[in-house]
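Geometric and topological summary
These are the residues of each chain, in order.
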Amino acid sequence: MIDDSRAMRRIVSGTLEGFGYETRQAGHGQEALDVLHEGWVPELCTIDWNMPVMDGLEFVSAVRANPAWRAVTLVMVTSESEHGQIVRALAAGAHEYVLKPFTADALHDKLALLGLLPQEVAR
């Protein structure tokens, strides 16, 4: 979970842990890239757009530029709702887009669509 808001990181991480994920948190894209460079490559990254140091779009582009991270699913979880922004994120390599505020069900449905839910969580 990558977001500059500590509260939002707790909310999204708690939701993902409820779905069976092990989570790690980062306050901006560069912090998350540092984790990837250390060797922990997650199945899924949820990413806010607007963050200091490195924003979500820059993070998505950096991940997609590294062949070792091609299998990582990237989901933007952001308040950026303008159609052009969504298109930019998807064109950069994000798989899905969840608008804030969101419900656990909305995130569940996006992950189900991507085939990323453990069997016991699938509805």
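In the block above lies the structure referred to throughout.
In this text, all values refer to a predicted model and were calculated from it rather than measured experimentally. (Residues numbered from 1 in each chain as written. Predicted model: local features only at pLDDT ≥ 70, side-chain atom pairs only at ≥ 80, totals over all residues. Heavy atoms only, no water.)

**Points about the nonpolar core**
Within the largest apolar cluster, 21 residues are counted, with the highest numbers of intra-cluster contacts made by Ile2, Leu33, Ile47, Phe59, Val63, Leu74 and Met76. Broken down by secondary-structure element, the contributors of at least two residues to this core are α2 (29-37), β1 (44-47), α3 (56-64) and β2 (73-78). For this core, the element with the highest residue contribution is α3, accounting for 4 residues. Those residues in contact with Val63 that lie beyond four places of it in its chain are Leu33, Leu36, Trp69 and Leu74. Within the second largest apolar cluster, 15 residues are counted, among which are Met1, Phe19, Phe102 and Leu111. (Core = buried A, V, L, I, M, F, W, Y, C linked by side-chain atoms within 4.5 Å. Buried < 20%, exposed > 50% of the residue type's maximum accessible area, 1.4 Å probe, protein only. Helix = DSSP H or I, 4+ residues; strand = E, 2+ residues; numbered from the N terminus. Contact = heavy atoms within 4.5 Å.)

**A look at the layout of surface pockets**
The computed volume of the largest pocket comes to approximately 270 Å³. If you trace the largest pocket, you find 18 residues lining it, with Met1, Arg24, Trp40, Pro42 and Leu44 closest to the centre. Contributing elements (two or more residues each) for the lining of the largest pocket: α2 and β1. (1 Å grid on protein atoms, 1.4 Å probe; cavity = no way out; pocket = protein on both sides within 12 Å on 5 of 7 lines; lining within 4 Å. Points joined across faces, edges and corners; volume = space filled by probe spheres on them.)

**A closer look at the sheet that holds β2**
By way of backbone hydrogen bonds, the strands of a sheet pair with one another, either parallel or antiparallel. Read across the open sheet, the 3 strands follow the order β1-β2-β3; overall the sheet is parallel. Bordering the open sheet on either side are β1 and β3 (96-99), each of which pairs with just one other strand. Mean inter-strand twist for the sheet, computed between neighbouring axes without regard to direction, equals 20 degrees. With 4 bridges connecting them, β1 and β2 associate as parallel partners. Across the sheet, Ile47 pairs through a bridge with Met76, a residue of β2. (Pairing = 2+ DSSP bridges. Axes fitted to C-alpha atoms, helices over the stretch in contact; angles between N-to-C directions.)

Taken by themselves, the reported measurements are silent on function.
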